[in-house]
Amino acid sequence: MYKRIMHEGKACYGKHVLVHMERCNENILSIEVVKDFIMKLVKDIDMVAFGECHCYRFGDGEEIGLSAVQLIYTSSITLHTNDLHREGYLDVFSCKDFSEEQVKQSIIDVFGPENVQYQVIIRE
């Protein structure tokens, strides 16, 4: 089934959830916690990981942070963070439907952000 996301009565290719989290706890600084979070998120939204999660800290000055990538059988999950400001930018894209509210709750459970905002884009 090539287009399996139904949106307003139309078959679409996928869902893309873009999340911005602000003023997170210290977990946002840990490579191991981020990798564990992503692996748990894969399960929380009923996806299947393809390979391992890659996570690295790099950058300069105010732009030092983590970048993590997890391929899933239906696309990918990526996370970019900023150490100094304890912010994170998570993207979940999949051609299999999933709950954006579950994504938000999974973030709250691990990173305890003071603010979480997200937008949903349906890819036709």
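Residues numbered from 1 in each chain as written. Predicted model: local features only at pLDDT ≥ 70, side-chain atom pairs only at ≥ 80, totals over all residues. Heavy atoms only, no water.

Visitor: Describe the packing of helix H1 (residues 31-44) against helix H2 (residues 100-111), naming the residues involved and giving the relevant values.
Guide: At a closest axis distance of 10 Å, the pairing of H1 and H2 adopts a crossing angle of 150°. Compared by their axis directions, H1 and H2 come out roughly antiparallel. Judged by the twist between their axes, the crossing of H1 over H2 is right-handed. From H1, Val33, Val34, Phe37, Leu41 and Asp44 reach across to H2, where they touch Gln102, Val103, Ser106, Ile107, Val110 and Phe111. (Axes fitted to C-alpha atoms, helices over the stretch in contact; angles between N-to-C directions. Helix = DSSP H or I, 4+ residues; strand = E, 2+ residues; numbered from the N terminus. Parallel < 35°, antiparallel > 145°, perpendicular 65-115°, else oblique. Left-handed = near helix turned anticlockwise from the far one by under 90°. Contact = heavy atoms within 4.5 Å.)

Visitor: Could you give me a rundown of the pattern of salt bridges, with the residues and numbers involved?
Guide: This structure, assessed with the given rule, holds seven salt bridges. In this structure, arginine 23 engages glutamate 114 in a salt bridge whose closest nitrogen and oxygen atoms are separated by 2.7 Å. Highlighted residues: arginine 23 in the loop between strand E3 (14-22) and H1 and glutamate 114 in the loop between H2 and strand E8 (115-123), separated in sequence by 91 residues. Relative accessible area serves as the criterion here: at 43%, arginine 23 is assigned to the partly exposed category. Across the pair arginine 57 and aspartate 83 runs a salt bridge, and its minimum N-O distance is 2.8 Å. In this pair, arginine 57 sits in strand E4 (residues 54-58) while aspartate 83 sits in the loop between strand E6 (75-82) and strand E7 (87-94), placing the two residues 26 residues apart along the sequence. When salt bridges that share partners are traced, they join Lys15, Asp97 and Glu100 into one network. (Salt bridge = Lys/Arg side-chain N within 4 Å of Asp/Glu carboxyl O. Buried < 20%, exposed > 50% of the residue type's maximum accessible area, 1.4 Å probe, protein only.)

Visitor: Describe the sheet that holds E8, with residues and values.
Guide: Whenever strands of a sheet pair, they do so through backbone hydrogen bonds, lying parallel or antiparallel. Strand order in the open sheet formed by six strands is E4-E5-E6-E7-E3-E8, with antiparallel pairing between adjacent strands. Every interior strand has two partners, whereas the edge strands, E4 and E8, have only one. Direction aside, the axes of adjacent strands within the sheet are offset by 10° on average. Those strands touched by H1 are E4, strand E5 (65-72), E6 and E7, and its axis lies near 30° from that of E5. (Pairing = 2+ DSSP bridges.)

Visitor: So what about the side chain of aspartate 83? Which residues, and what values?
Guide: Exposure remark for aspartate 83: the relative accessible area of 17% places this residue in the buried category. Setting aside its immediate chain neighbours within four residues, aspartate 83 contacts Leu29, Arg57, Ile64, Gly65 and Leu66.

Visitor: So what about the pairing of E4? Which residues, and what values?
Guide: Bridge count between E4 and E5: five bridges; the pairing is antiparallel. By the bridge assignment for E5, histidine 54 is matched with valine 69. Between E4 and E5, which follow one another and run antiparallel, lie six residues, and glycine 59 among them has a positive phi close to 120°.

Visitor: Describe in detail the environment of lysine 3, supporting the description with residues and values.
Guide: Here lysine 3 lies in the segment before strand E1 (5-7). Since its relative accessible area comes to 34%, lysine 3 is described here as partly exposed. A C-alpha to C-alpha distance of 40 Å links lysine 3 and leucine 84, two positions 81 residues apart in sequence. Not counting residues up to four positions away in its chain, the partners in contact with lysine 3 are Ala11, Cys12, Tyr13 and Glu124. Within the structure, lysine 3 has its side chain in polar contact with the backbone oxygen of glutamate 124 (distance 2.9 Å). (Polar contact = N/O pair within 3.5 Å; in protein donor to acceptor, adjacent residues only side chain to side chain.)

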